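Listed below, chain by chain, are the residues.
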Amino acid sequence: MKKFNDFKTCFSWVNQVVEKTKEQATEEIARQVYEDSKKYTYIDTQTMYDSGQSSNFKKGYVLIKAPQVRWLYYTTWIKPHKNKNAVPQWFEATKLENMKNYQQMYADIFNKNK
């Protein structure tokens, strides 16, 4: 167990651990969310899903840039063709299914950094 001489040193260490964890976890979790989202993404063409590979994962942004994405994401009456699990707002479905995994990823990175 780490020992501290005063509160300032303690809180400085905690802040360093949190910042380091945030940097590492943001990128890892964003990449995992992108990979997990494929299960629920409309994939009539692989190009749409692949456009997300250029996302800014370091900042936690997952951005699928194909022109039809916005329409597919918010349109509820479409029946999926190639991916039968596809649903509108596929990132929400991904988050619901995997939130505990993402929290565990963060906790593991935090514990590694402390």
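Here's what I pulled together on the structure shown here.

Conventions we followed
- Residues numbered from 1 in each chain as written.
- Predicted model: local features only at pLDDT ≥ 70, side-chain atom pairs only at ≥ 80, totals over all residues.
- Heavy atoms only, no water.
- Salt bridge = Lys/Arg side-chain N within 4 Å of Asp/Glu carboxyl O.
- Helix = DSSP H or I, 4+ residues; strand = E, 2+ residues; numbered from the N terminus.
- Buried < 20%, exposed > 50% of the residue type's maximum accessible area, 1.4 Å probe, protein only.
- Phe/Tyr/Trp six-rings, centres within 6.5 Å; stacked < 30°, edge-to-face > 60°.
- Core = buried A, V, L, I, M, F, W, Y, C linked by side-chain atoms within 4.5 Å.
- Contact = heavy atoms within 4.5 Å.

## What to know about the pattern of salt bridges
Consideration 1: Using the criterion set out here, one finds 4 salt bridges in the structure.
Consideration 2: Linking Glu 19 and Lys 22 is a salt bridge whose minimum nitrogen-to-oxygen distance equals 3.4 Å. Of this pair, Glu 19 and Lys 22 both sit in helix α1 (residues 7–37), 3 residues apart, which is roughly one turn of the helix.
Consideration 3: Note on Glu 19: relative accessible area 33%, which makes it partly exposed.
Consideration 4: Between Arg 31 and Glu 27 there is a salt bridge whose closest N-O contact spans 3.4 Å.

## Quick notes on the packing of aromatic side chains
Centre-to-centre distance and the angle between the planes together describe a pair of aromatic rings.
Consideration 1: Scanning the model with the defined rule gives 10 aromatic pairs in all.
Consideration 2: Between Tyr 42 and Trp 90, the ring centres sit 6.0 Å apart and the planes meet at 80 degrees, which makes this aromatic pair edge-to-face. Here Tyr 42, found in the loop between α1 and α2 (46–50), pairs with Trp 90, found in helix α4 (residues 90–113); they are 48 residues apart in sequence, far enough to count as distant.
Consideration 3: A relative accessible area of 0% places Trp 90 in the buried class.
Consideration 4: Both rings, one in Tyr 73 and one in Trp 90, keep their centres 4.9 Å apart while their planes meet at 85 degrees; by these two values the pair is edge-to-face. With Tyr 73 in helix α3 (residues 69–74) and Trp 90 in helix α4, this residue pair connects regions lying 17 residues apart in the sequence.
Consideration 5: Its relative accessible area of 12% is what places Tyr 73 among the buried residues.

## Here we look at the nonpolar core
Consideration 1: Tyr 42, Met 48 and Trp 90 are the most contacted members of the largest nonpolar core, which has 19 residues in total.
Consideration 2: Listing elements by their share of this core, those giving two or more residues are α1, α3 and α4.
Consideration 3: No other element matches α4, which puts 6 residues into this core.
Consideration 4: Once you skip the residues sitting within four places of it in the chain, Tyr 42 turns out to touch Met 48, Leu 72, Thr 75, Ile 78, Pro 80, Ala 86, Val 87, Pro 88 and Trp 90.
Consideration 5: Judged by nonpolar contacts, the second largest core, of 5 residues, contains Ala 30, Tyr 34, Tyr 49 and Phe 57.

## Quick notes on the environment of Lys 2
Consideration 1: Following the sequence through the fold, Lys 2 ends up in the segment before α1.
Consideration 2: Through-space distance from the C-alpha of Lys 2 to that of Thr 94 is 38 Å; in sequence the pair is 92 residues apart.

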